[in-house]
Amino acid sequence: MARILITSAIPYINGIKHLGNLVGSQLPADLYARYMRARGHEVLFLCATDEHGTPSELAAAKAGKPVDVYCAEMHAVQAGIARGFRLSFDHFGRSSSARNRVLTQHFAGALDAAGLIAEVVQQQVFSIADNRFLPDRYITGTCPNCGYTAARGDQCENCTKQLDPTDLINPRSTISGSTDLELRDTRHLFLRQRALRDRLSAWIDSKTEWPVLTTSIARKWLNDGDGLQDRGITRDLFWGVPVRKGTEVWPGMEGKVFYVWFDAPIEYIACAAEWADATGQPDAAWQRWWRTDLGADDVRYVQFMGKDNVPFHTLSFPATIMGSGEPWKLVDYIKSFNYLNYDGGQFSTSAGRGVFMDQALSILPSDYWRWWLLSHAPENSDSEFTWANFQTDVNKDLADVLGNLVSRVTKFAVAKFGDTLPAGGAWGAREMRLVADLTAGLAAFEAMMDAMEVRKAAAELRALWVLGNEYLQAVAPWTVVKTDPEQAAAMIRLAMNLIRVFAVTSQPFIPDAAEAMLAALRTDDWSWPADMAQALLTLPAGHGFAVPENLFRKITDEERVDWQTRFSGART
Ligand SMILES: [Zn+2]
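A brief report on the enclosed structure follows. (Residues numbered from 1 in each chain as written. Predicted model: local features only at pLDDT ≥ 70, side-chain atom pairs only at ≥ 80, totals over all residues. Heavy atoms only, no water.)

1. Examining the overall build of the protein
Here's step 1: Looking only at helices and strands, the protein has 19 helices and 19 strands in total.
Here's step 2: The C-alpha radius of gyration of the protein comes to 27 Å, within 12% of the 25 Å expected for a compact globule of 572 residues.
Here's step 3: Each of the three principal axes of the protein carries a C-alpha extent, and together these read 95 × 55 × 40 Å.
Here's step 4: With 572 residues in all, the protein has 56% of them scored as buried.
Here's step 5: For the protein, long-range pairs separated by at least 24 residues make up 77% of all intrachain contacts whose partners lie at least 6 apart in sequence.
Here's step 6: Carbon and sulfur atoms form 50% of the exposed surface of the protein, whose accessible area is close to 23000 Å². (Helix = DSSP H or I, 4+ residues; strand = E, 2+ residues; numbered from the N terminus. Rg over C-alpha atoms; globule rule 2.2 N^0.38 Å. Buried < 20%, exposed > 50% of the residue type's maximum accessible area, 1.4 Å probe, protein only. Contact = heavy atoms within 4.5 Å. Areas by Shrake-Rupley, 256 points an atom, 1.4 Å probe, with all protein chains shown as cover.)

2. Structural notes on the pattern of salt bridges
Here's step 1: Counted under the stated rule, the structure contains 34 salt bridges.
Here's step 2: Where Asp293 meets Arg291, a salt bridge forms, and the shortest distance between an N and an O atom there is 3.0 Å.
Here's step 3: Overall, the relative accessible area of 44% leaves Asp293 in the partly exposed class.
Here's step 4: With relative accessibility at 16%, the residue Arg291 sits in the buried group.
Here's step 5: Between Asp557 and Arg560 there is a salt bridge, with its nearest N and O atoms 3.5 Å apart. In this pair, Asp557 and Arg560 are both assigned in helix H19 (residues 557–566), three residues apart and thus about one turn of the helix distant.
Here's step 6: Each of the salt bridges in this network shares a partner with another, and the network as a whole consists of Arg3, Glu42, Arg288 and Asp298. (Salt bridge = Lys/Arg side-chain N within 4 Å of Asp/Glu carboxyl O.)

3. Concerning the coordination of the zinc ion
Here's step 1: With distances of 2.3 Å, the protein atoms coordinating the zinc ion are Cys143 (SG), Cys146 (SG), Cys156 (SG) and Cys159 (SG).
Here's step 2: One way to put it: the four donor atoms around the zinc ion meet at angles of 106 to 115 degrees, and that makes the site tetrahedral.
Here's step 3: Coordination of the zinc ion draws on donor residues from a single chain, spaced C-x2-C-x9-C-x2-C in sequence. Of this pair, Cys143 sits in the loop between strand S6 (139–142) and strand S7 (151–152) while Cys156 sits in the loop between S7 and strand S8 (169–173); the two residues are 13 residues apart in sequence, bridging distant segments of the chain.
Here's step 4: The buried category is assigned to Cys156, whose relative accessible area is 1%. (Donors = N, O, S within 2.8 Å, 3.2 Å for Na, K, Ca; no water. Tetrahedral: all angles 85-135°; square planar, octahedral: opposite > 155°, others 65-115°.)

4. Some remarks on the nonpolar core
Here's step 1: Counting 165 residues, the largest nonpolar core has Trp290, Trp369, Trp387, Phe390, Phe502 and Phe509 as its most contacted members.
Here's step 2: Excluding its chain neighbours within four sequence positions, the residues that come into contact with Trp387 are Tyr342, Asp343, Val355, Ile363, Trp369, Arg560, Trp563, Gln564 and Phe567. (Core = buried A, V, L, I, M, F, W, Y, C linked by side-chain atoms within 4.5 Å.)

5. A few points about the packing of helix H11 (residues 366–375) against helix H12 (residues 387–417)
Here's step 1: Relative orientation of the contacting elements H11 and H12 amounts to 105 degrees, with a least axis distance of 10 Å. On the basis of their axis angle, the class for H11 and H12 is roughly perpendicular. The segment H11 lies against H12, with Asp367, Tyr368, Trp369, Trp371 and Trp372 engaging Trp387, Asn389, Phe390, Asp393, Val394, Asp397 and Leu398.
Here's step 2: The class makeup of the residues in the contact of H11 with H12 is eight nonpolar, one polar and three charged. (Axes fitted to C-alpha atoms, helices over the stretch in contact; angles between N-to-C directions. Parallel < 35°, antiparallel > 145°, perpendicular 65-115°, else oblique. Nonpolar A, V, L, I, M, F, W, Y, C, P; charged D, E, K, R; others polar.)

6. Some remarks on the packing of aromatic side chains
Here's step 1: In the structure shown here, the tally under the stated rule is 31 aromatic pairs.
Here's step 2: For the ring pair Phe258 and Phe262, a centre distance of 5.3 Å and an interplane angle of 35 degrees mean the geometry is tilted.
Here's step 3: Phe262 sits in the buried class, given a relative accessible area of 4%.
Here's step 4: Arranged with centres 5.0 Å apart and planes meeting at 85 degrees, the rings of Phe385 and Trp387 form a pair that is edge-to-face. Each member of the pair Phe385 and Trp387 is classed as buried.
Here's step 5: By the ring-pair criterion, three or more aromatic residues cluster together here, those being Tyr342, Phe347, Trp369, Trp372, Phe385, Trp387, Phe390, Trp563 and Phe567.
Here's step 6: Its guanidinium or amino end placed over the ring of Tyr259, Arg235 lies 3.7 Å from that ring's centre, counting from NZ or CZ. (Phe/Tyr/Trp six-rings, centres within 6.5 Å; stacked < 30°, edge-to-face > 60°. Lys NZ or Arg CZ within 6 Å of the ring centre and 35° of its normal.)

7. Side note on the side chain of Asp397
Here's step 1: Relative to the helices and strands, Asp397 resides in helix H12.
Here's step 2: A polar contact of 2.8 Å, which involves the side chain of Asp397, links it to the side chain of Arg462.
Here's step 3: Beyond its immediate chain neighbours, meaning those up to four positions away, Asp397 contacts Trp371, Leu402, Arg462 and Trp465. (Polar contact = N/O pair within 3.5 Å; in protein donor to acceptor, adjacent residues only side chain to side chain.)

8. Here's the deal with the environment of Gly425
Here's step 1: Relative to the assigned elements, Gly425 resides in the loop between H12 and helix H13 (429–450).
Here's step 2: When the C-alpha positions of Gly425 and Gly80 are compared, they lie 49 Å apart, and in sequence the two are 345 residues distant.
Here's step 3: If we ignore the near neighbours within four places in the chain, the residues touching Gly425 are Glu486, Gln487, Ala490 and Arg493.

9. Some thoughts on helix H5 (residues 197–205)
Here's step 1: Along H5, the residues classified as buried are Leu200, Ser201, Trp203 and Ile204. The buried residues of H5 occupy an angular sector of 160 degrees when the element is viewed end-on, so they sit on one face.
Here's step 2: Residues of H5 that are buried make contact with helix H6 (212–223) and helix H9 (310–324). (Arc of directions from axis to C-beta.)

10. Considering the sheet that holds strand S9 (residues 181–191)
Here's step 1: If you walk across this open sheet you meet the four strands as S5-S4-S9-S10, and the pairing is antiparallel. Here the strands that pair on one side only, and so sit at the sheet edges, are strand S5 (132–133) and strand S10 (231–232). (Pairing = 2+ DSSP bridges.)

11. Focus on the sheet that holds S6
Here's step 1: Judged by pairing direction, the sheet is antiparallel, and its three strands sit side by side in the order S7-S6-S8 without closing on themselves. Of all strands in the sheet, those bounded by a partner on one side alone are S7 and S8.
Here's step 2: As judged from the two bridges shared by S6 and S7, these two strands associate in the antiparallel manner. In the strand pairing of S7, Thr140 is matched with Arg152.

12. Section: the packing of H12 against helix H16 (residues 485–506)
Here's step 1: One way to put it is that H12 packs onto H16 with a least axis distance of 10 Å and a crossing angle of 140 degrees. When the axis of H12 is compared with that of H16, the two are oblique. For H12 against H16, the interelement crossing comes out left-handed. Side by side, H12 and H16 meet where Leu402, Leu405, Val406, Val409, Thr410, Phe412, Ala413 and Phe417 of the first sit next to Pro485, Ala488, Ala489, Ile492, Ala495, Met496, Ile499 and Phe502 of the second.
Here's step 2: Broken down by class, the residue content of the contact of H12 with H16 amounts to 15 nonpolar, one polar and no charged. (Left-handed = near helix turned anticlockwise from the far one by under 90°.)

13. Focus: helix H3 (residues 67–84)
Here's step 1: The end-to-end C-alpha separation of H3 is 26 Å, in line with the 26 Å expected for 18 residues at 1.5 Å each.
Here's step 2: In the core, the buried residues of H3 are packed alongside strand S2 (42–49), helix H2 (54–63), strand S3 (91–94), helix H10 (357–363) and H11.
Here's step 3: Positive phi appears at Arg86, one or two residues downstream of H3, with a value of about 60 degrees. (Expected span 1.5 Å × (residues − 1).)

Limitation: the analysis is restricted to geometry and does not speak to function.
See the structure below:
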């Protein structure tokens, strides 16, 4: 039994995420966690909301709520949706937790003690009316390049020119509209990533088994242009982790907070501490997952994320951990994803384009989405969601292949033999061939799951379901029963056990259907089919069962057209 720590990139608190976000980290992380638990390994699966920074301050202001109240409410909303998608987090934490505040301050102090923090005085735009420094993107003005009047301080959206706020003509505060702005000196802390460049580079080079998508992004940041840059880790904001040097005041940094990208990854650690707190365990319980001097030396740590998060996870967060000089666990494997596009364009949170997680659950149960998204995960390239493809694949894979097998076998069995598994008959050559095919197919499935090849794993799972259908097609118990009921009974007993095997192996993808299948079989034997012949003898003659409700219904053409129209515009 291995110990596996799994984290999903933590979603930002500001708003409900779309299906592209879901398939880019949380969902495949859940798939892997469920699979590893099913194989008997000890798993700690963590996710959280990323709560600090200006966007949540502004969203709270727009909602007319204090930012801490807003974040608590949105955390509850996101947690509810995660439950709806059956995301099996051991804990869904919050980056605004007391645990993260203490740990973030601790890391900053350790980095400073190691000589890896530089203090830099910069000039930044201060809004007198708002009584605050303004981040670049919260300053609006006229673009000096194209004359666009609503250009942002970091970039003109019209001509795409990169800008400094001081380039803007007639600059004003995006928050209040005030033009009463001035440049003021402000002191900030920088993490001296350049000093860690060689160590980070050697570490990335040692990760020869990582996907090219992951390492190529890391190398680009390490080597392109002037190479890895030192990174500002503080901001002049109200909402965040107050800057402290461990537990001490940091002179000159009063009233400032750590930049959200410094404290957010530390939440992976803090979340484990929150989990221990929530489950009434001592610190040792979470430290054995995170401290290599306290038991984490045999932990395998796997992170899941979209490709846009790779630089922070391959460089910034490892720089924090390495630079601390303390024995914290570094990530062992990073599984990163490309983007899922939506019906000829991109999913967009800001534009409200695509299907959002709450909307998806309002029209279909989570298994439909889980199956389609995972079997089309954007691994080697971007992939695209279209309603036509969704309808076709869900109807074919779930309704025609898996659902039909379960329905046909149980209905036939109850009609011909009653509501217990029938006795009599024995396996012949065709059954032995099925066992051999399933054994080989399961090994292929396991290999893909172990390798986190999500699409290929889905294809191997579907291939197992197809083997079951091919067997039933070939032996035709509905015909055999007329001449040799005992032989038909043996086929049905095997087919019933096959349903259990499919439930157990499919559970990481479609947990609700798997539960329904086992409930119909009146068993809670979730044991993995390590020996396929043995597994197909698990439920004996005389074991009771029920015909389950239709596991998967088909998506109709009318629904497809309706949803395509309903989700074509911006979310309101
Ligand atoms: Zn412009």
